[in-house]
Structure formats: structure tokens, C-alpha cells
Amino acid sequence: MKSDRPKQNFKKIHASGRMKEIMEAHFRELDEAARTKKQKVAWCTSVGPAELLKGMGFQVFYPENHGAMLGATRMATDLIPLANAIGYSPDICSYLTADIGSYLKGESPISKAYPGIDGPPRPDVLVFNTNQCRDVQDWFNFYGREFKVPVIGIQTHRGVGEVTRAHIDSIADQLKAMVPKLEEVSGKKLDMEEFKRVVGLSRQCTDLWKEVLEIAAHKPSPLTFFDGTVQMGPAVVMRGEQRAVDYYKLLLAELKQRIEEGVAAVDGEKYRIYWEGMPIWGKLRELSTQFAELQACVLASTYCSSWVFPALDADEPFESMARAYIELFIVRDEDYKEEYFARQIRHYGIDGMIFHDAKTCPNNSNDRYGMVERISRRFDMPTLVIHGDLNDLRCYSEEQARTNIEAYIEQLAEKRGQ
Amino acid sequence: MTAEAVYGGVDIGASATKVALVGGGRKIVASDVRKTGVSFEASAAEAMGAALASAGLRLEGLRRVVATGYGRHNVHFAHATRTEIACHARAAHFHFPRRITVVDVGGQDNKIIHVNAQGRRESFKMNRKCAAGTGAFLEEVAQRMDVPLERIDELARQASHTVHMGSYCTVFTKTEILAHMRAGEKVPEIVAGLIESVVKRIVEMDPLAGEVVLTGGVVAHSPMLAEMLGRMVRRPVHILPDAQLAGAFGAALLAAETE
């Protein structure tokens, strides 16, 4: 078969070497803390009160990050049925089912990646925020029963339109109410200065991560969504730490260099695509290759932007954390979400938008209430829905997705008269 | 045999492999349809060989070949590939050059493609992963009832009423049929219900606009589906001539038009 498309030369992000080092250090420190008991370990949901936990001296482990690792290493699909068998439905969060399956089988990508570590560190406390979904609470309660450790959490409002004082007070009060319980586990009083320092570092990290993502607005983009799903690691698990701040300075410098040198993430970038919804972790490579071959750069996403918290303020740690964690896209109402997409589409110069309907993640599947059609009409922009899942590849038809994507890019080309 | 340029279209679908050779006036000069075997390459070569033989041509005599369908990337003699969506849209708009909605009921998936008056695709949708409402659904359920697929249309026309199916899952429908049989319903009425079930799946996929043009192997063998769909959506529903060859014909047209 003949092809007139330029052969894609996938470009390595050199900073990634440093990221691997700090990610390994993160997991080794967690492992040491759990083994030696020198430091208490808290498990925390991805957008849970990590700053408070770090400020109180906990080592923090993120089960959702472990879930994504299970997906990316394609271990998840084999482990999910183990959780299904003990009553965790195949229709609920596949991070949860993959992670519980991993626990039941005693297999973890952490031990494969970092020899000497057996797996996730044993927790002393489990701390959730339902801003992601209700499933995190049930997920953590499972481990609370297994490890016989306290489970404490924040119940976040959903379908939030305008963020009001009442919303912020509600979350801030719940954060403050956690402190005595956490002090009991840690055996130390909250040091407000240390807490503020961590919030300040988290803000620096989030500002830099935002800058990294927004650099994709450049034409051609020096960064893809698929790069972003890897590069977000430190923003997720090391926010509040100096090394995450240092890492994003390094990454940002490299991406700016790419722009100066005219280096595009996708050679001959023709189409600029927005990805809405969860990544399909086990298929990132295949999808990234297919889009690149079609000269389509998937360059922005809601998902990677979910770790941007501009409200964080070291001078008001409780209130600003409360605001940051309720301003999140995921807890907002449909009108807010539509306006958010409108801003993203304009900012990044988007030609097309792909919605991933993740079978087990309704909160991150924004195609289910007419949004796709509204966006399509408003922007006269072709849209596409891919049915799949974040982790459970049994819910994903690769052939059908490939054909859908190819036909979608054909449609974008036709629209341009190519 | 003719000296004019001839273009080839190869459509390797989940169930059948189709080849259309198109000559002057964009008419089909030869074609072939056969079951897609375990080797896409072999199916393509055999179907193309048969079509070429009936046209008295050799592969080198074709000006250009475009492949489509699930196996499109396995047709090594093709010059280019296009998706089934592009090919069905092109074929349908060739015969109905106006604003249309193309509905392809295929072996494993259904597609709804909105095409504007100029032939440009405005949007498309494929069914979800589940093959409910596709040829595979009819094939499986017909087999359960010992009804050959070719007789479905004839049987459904004998029905005094339609047995409505409540489920859209193939497996659940098979169980549901057992209940209807126990209740004394006869085969024609149940078969009519199966066709109606396919029509319902189409209607819930996407709004149908303008005239509707049906393509694919299922409607080629079951014109009643078009009649039922027409009654349900209250708009003209056409079956594309050589409906099963739509993908291959569209591919051949695109081969000619994208030289």
C-alpha cells in the first residue's frame, strides 16, 4: 500500500529520565516508611487533601495512580475479575476493581518496575475526597476493613454551578475536622507553617504544570495528550514537594526549546484534537501511533488539566484547598462544563473533539447528556465518541475504535476540502 | 473487455468480502461476493481474481485499487485505503446525489452517515461495541430458529402480526424467543419481530434526516427492513442498488476520483 503521509519520528522527551528517577525515589521512600515505620503512610485519593497530609508529615500513596499503572501495564484486565468475584461489579470503577484484584493476587506493577519493593506500602490511614466519585469511598473502605486502619474523608458537592461561600466553608470545615483524627494517627500536632509551605509548593507545581499543558496551544504543538498522561506523574503524586517544581521547570525549558527549534510533537501536524474523558491506559501507544500517522495531534485534554489548582494559596491553606478542590471540572454542572470546553477549544485552536465514554467511569464520561451534540452544533465542529474504558480492555473494541478514528480524520479532511 | 480505465474497490467486511470493478460511466463491470475467510489477504485475492476473470482483465490492467472494510490494511495490491464510512457515503451519494442519511447494516456493525447535498459527510455514528441490531444478530437468532437467512424476508411477509422483542441483546433475545414459542407464537411472526428489532436499533442510534438510503448485505436480503424503517420514521427509505456491494463500489469510485 502506498502512503503519502510522512513517516512519524517519535520524539523522546529528554527530561523523562529525571522523572523516572524521582518517581522511583517516591516509591522507594514510601516503601521504606512502611517497612521501617519511621514515617506514617496515608493513602489519598488523586485530588484528596494531599497538602494537608504532607504538611502533617505523612508519606502519601495514591491508589488511583496505582490503578493507572495497572492499566498502562495491561495487568488490569486480568486482575479485575478477581474483584468482580468478591462482589465488586464489573460496572463500577475499573481502577477500584483492578487495584483490589492486584491486592488479592499480590501482584503490582510497582514491584515489577522497582525490584525490592513488594507492592503498595501498608497504610496507617486512608483519606478520600468524593470529588472524583463515590467509588473512592467504597474502595478505601475495603482497605480500611482489610488493614483495620481509620478511613476518613471529605464529601464533596456535585453538579456545582457557581462556587459559593457555602460550598467553600463546607469543604474547609471538613478539612479542619480531619486534623485531630490525623494528629491521632501521626502522633504529632499540625504545624501550620509546614502546612503552608507545602501548599505554597503545591501551587508552584500546579502553575508550572499548567504552563506545560498550555504550551500545546503553539502551532504545531510540541506536546501531545499522550505525553501529558506520562508527564503528569509528578503533578499527581509529588505536588507539595520541591522536586516536582524542579522537574516541571526542566520539562518546560525543553518544551520551549522545541518551540524555538520548530519541533512538532507530530510531524506535519494537520489536525488539532481535544481528548475529553479518561485515557485508555492500556492502549496509549496504539492510539498515539494511529493519531500521529494520521497527522492528527491530540494535544489537550480535560484529564491532564485536572491537576491545575490555581486557587491554592499558602496564606489561606484550608480555604484555598477547599476552593481548589471544589472548583474542579469533575464536580461542576453541565453549563459550566460546556463553557469550559468552549474556552479550551478556542485556546488550543481545536479542529475536532473526541469524547471517550469510559464504561466504568460515568463521572468522566461527558457524552451522556447531549454534550457532544451541543458542542458540535455550537462550534460547527465534527465530534466523535469512542466507547472504551480506562482500565478494562474487555470494554474496548480496538478495530471499531481504529475505524472510527480513521473515518473521523477523513471527515475533518473533507470539511477542509482536502 | 474494454480499453477504458477500470478501477477496483475491495471491501473486506466481517462477514463477506466484496469486489467491484468500475469502468466508464462509473458502471460496475464485474463484481464478486464471498465469505470472508480466516485470511483477509486470501479472501481479497480470491474475490479480486474472480471479478477480474469475469471482466477478462488482469490485476495490472486496473488503473487504481482502493481497499476498505475491517481488512482494508491487509489488501497488499491496493493503492490506498479508505474507511467503510467514506465508501458507503460515496456509493450512496452517487446514486442519490442530494442530502441523504446513509444507513449501513453490516455483518458486525451498523453505521449512520449524514451526507450533505454536495456529498460531504457531516457526521457519522457507528453502533457501540455490541453487535445487537446488526447482521450478526439476525444470523445468530435465525440459526436458533433453524431459519436460513435468505428466507427471513419471505417468512416475515407471511406474518399476521409482529411479535415485539423487548431486549436488544442477542443472547437475551434468544431466550425471549423461547418464551414466545412456548406461548404459541409461530416463526413468521417472530421473524417479523426480529427485523423490527433491527429497525429499532437503527432508529435509536442517531436522528435520520432527509431521504434514507440503506446499504449493506442485510438489506440486500431483507427489503422488508426498509419498508418497516420507512413506516417507523415516516420518510422515504431507499435500498441502494447492489446494496451489498456498496462499500466496494464506493471504494472503486474513490479510486477513480482520488488518482
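Refer to the preceding data block for the structure.
Residues numbered from 1 in each chain as written. Chains lettered and ligands numbered in written order. Predicted model: local features only at pLDDT ≥ 70, side-chain atom pairs only at ≥ 80, totals over all residues. Heavy atoms only, no water.

Asker: Could you clarify how one ought to interpret the overall build of chain A in this entry?
Answerer: On a plain count of helices and strands, chain A comes out with 17 helices and eight strands. Relative to the compact-globule value of 22 Å for 418 residues, chain A shows a C-alpha radius of gyration of 21 Å, a close match. When the backbone C-alpha atoms are referred to their principal axes, chain A occupies close to 65 × 45 × 40 Å. Out of the 418 residues belonging to chain A, those deemed buried represent 61%. Long-range contacts, defined here as pairs at least 24 residues apart, represent 78% of the contacts in chain A between residues at least 6 apart. In the form shown here, chain A has an accessible surface area of approximately 16,300 Å², with 49% of it arising from carbon and sulfur atoms. Mean positive and mean negative side-chain charge positions of chain A (54 and 61 charges, respectively) differ by 2 Å. (Helix = DSSP H or I, 4+ residues; strand = E, 2+ residues; numbered from the N terminus. Rg over C-alpha atoms; globule rule 2.2 N^0.38 Å. Buried < 20%, exposed > 50% of the residue type's maximum accessible area, 1.4 Å probe, protein only. Contact = heavy atoms within 4.5 Å. Areas by Shrake-Rupley, 256 points an atom, 1.4 Å probe, with all protein chains shown as cover. Lys, Arg positive; Asp, Glu negative; His and termini not counted. Charge placed at Lys NZ, Arg CZ, Asp CG, Glu CD.)

Asker: I keep staring at the interface of chain A and chain B and nothing clicks. Help me out?
Answerer: Where interface size is given, it is often the accessible area lost as the parts come together that is meant. Each partner contributes to the interface: chain A provides 21 residues, whereas chain B provides 25 residues. Across the interface of chain A and chain B, roughly 2,000 Å² is buried in total on both sides, 48% from carbon and sulfur atoms. Where chain A packs against chain B, one counts five salt bridges. The residue Arg121 of chain B makes a salt bridge to Glu410 of chain A at a minimum N-O spacing of 3.2 Å. Applying the counting rule to chain A against chain B returns ten residue pairs in polar contact (both at pLDDT 80 or more). Listed by contribution, the elements that provide at least two residues to the side of chain A that touches chain B are β8 (383–388) and α17 (398–415) of chain A. (Buried area = accessible area lost by both parts, 1.4 Å probe. Salt bridge = Lys/Arg side-chain N within 4 Å of Asp/Glu carboxyl O. Polar contact = N/O pair within 3.5 Å; in protein donor to acceptor, adjacent residues only side chain to side chain.)

Asker: Just to check I follow, could you spell out the pairing of strand β3 (residues 125–129) of chain A for this structure?
Answerer: Residues and elements named next belong to chain A. Counting buried residues in β3 gives five out of five residues, a clear majority hidden from the surface. Burial along β3 is two-sided: the residues Val125, Val127 and Asn129 and Leu126 and Phe128 are all buried. Bridge analysis of strand β1 (residues 41–44) against β3 gives three bridges, and the strand direction is parallel. Residue pairing across strands places Trp43 opposite Leu126, the latter belonging to β3. (Pairing = 2+ DSSP bridges.)

Asker: What is the right way to look at the pattern of salt bridges in this model?
Answerer: When the charged atoms of two side chains with opposite charge come close together, those side chains can pair. Summed over all chains, the structure comprises 50 salt bridges over all chains. One salt-bridge network, held together by shared partners, links Glu334, Glu338, Glu339, Arg374 and Arg378 of chain A.

Asker: Please clarify how a nonpolar patch on the surface should be interpreted in this entry.
Answerer: Residue and element names in this part refer to chain A. A surface patch of nonpolar side chains, about 310 Å² in accessible area, is lined by Leu82, Ile86, Tyr103 and Leu104. Along the chain, Leu104 falls in helix α5 (residues 94–105). Residue Leu104 is classed as partly exposed on the basis of its relative accessible area of 40%. (Patch = residues over 30% accessible without salt bridge, like charges linked within 9 Å, V, L, I, M, F, W, Y side chains within 5 Å.)

Asker: What's the story with the sheet that holds strand β9 (residues 211–215) of chain B in this structure? I'm lost.
Answerer: Pairing between the strands of a sheet is mediated by backbone hydrogen bonds and can be parallel or antiparallel. Residues and elements named next belong to chain B. Reading across from one edge, β8-β7-β6-β9-β10 is the order of the five strands in this open sheet, with mixed pairing throughout. What marks the edges here is a single partner per strand, and that holds for β8 (121–126) and β10 (237–239). Along the sheet, successive strands turn relative to each other by an average axial angle of 20 degrees, direction set aside. Alignment of strand β6 (residues 100–105) against strand β7 (residues 110–115), held across six bridges, turns out to be antiparallel. What sits directly across from Val102, in β7, is Ile113. Here helix α6 (residues 187–205) sits on the sheet in contact with β6, β7 and β8, set at roughly 45 degrees to β7. (Axes fitted to C-alpha atoms, helices over the stretch in contact; angles between N-to-C directions.)

Asker: Honestly, unusual backbone geometry in this entry has me stumped. Any pointers?
Answerer: The phi torsion of most residues other than glycine is negative, and most of the peptide bonds are trans. Between Lys219 of chain A and the following residue, Pro220 of chain A, the backbone shows a cis peptide bond with an omega angle of -5 degrees. Among the secondary structure elements, Pro220 of chain A is positioned in the loop between α9 (192–214) and α10 (225–231). Residues other than glycine seldom take positive phi values, yet Asp146 of chain B does so here, at roughly 60 degrees. For Asp146 of chain B, the position within the fold is in the loop between α3 (135–144) and α4 (152–157). We classify Asp146 of chain B as exposed; its relative accessible area is 70%. At Asp242 of chain B, a position not held by glycine, the phi torsion is positive, near 50 degrees. Topologically, Asp242 of chain B is positioned in the loop between β10 and α9 (246–257).

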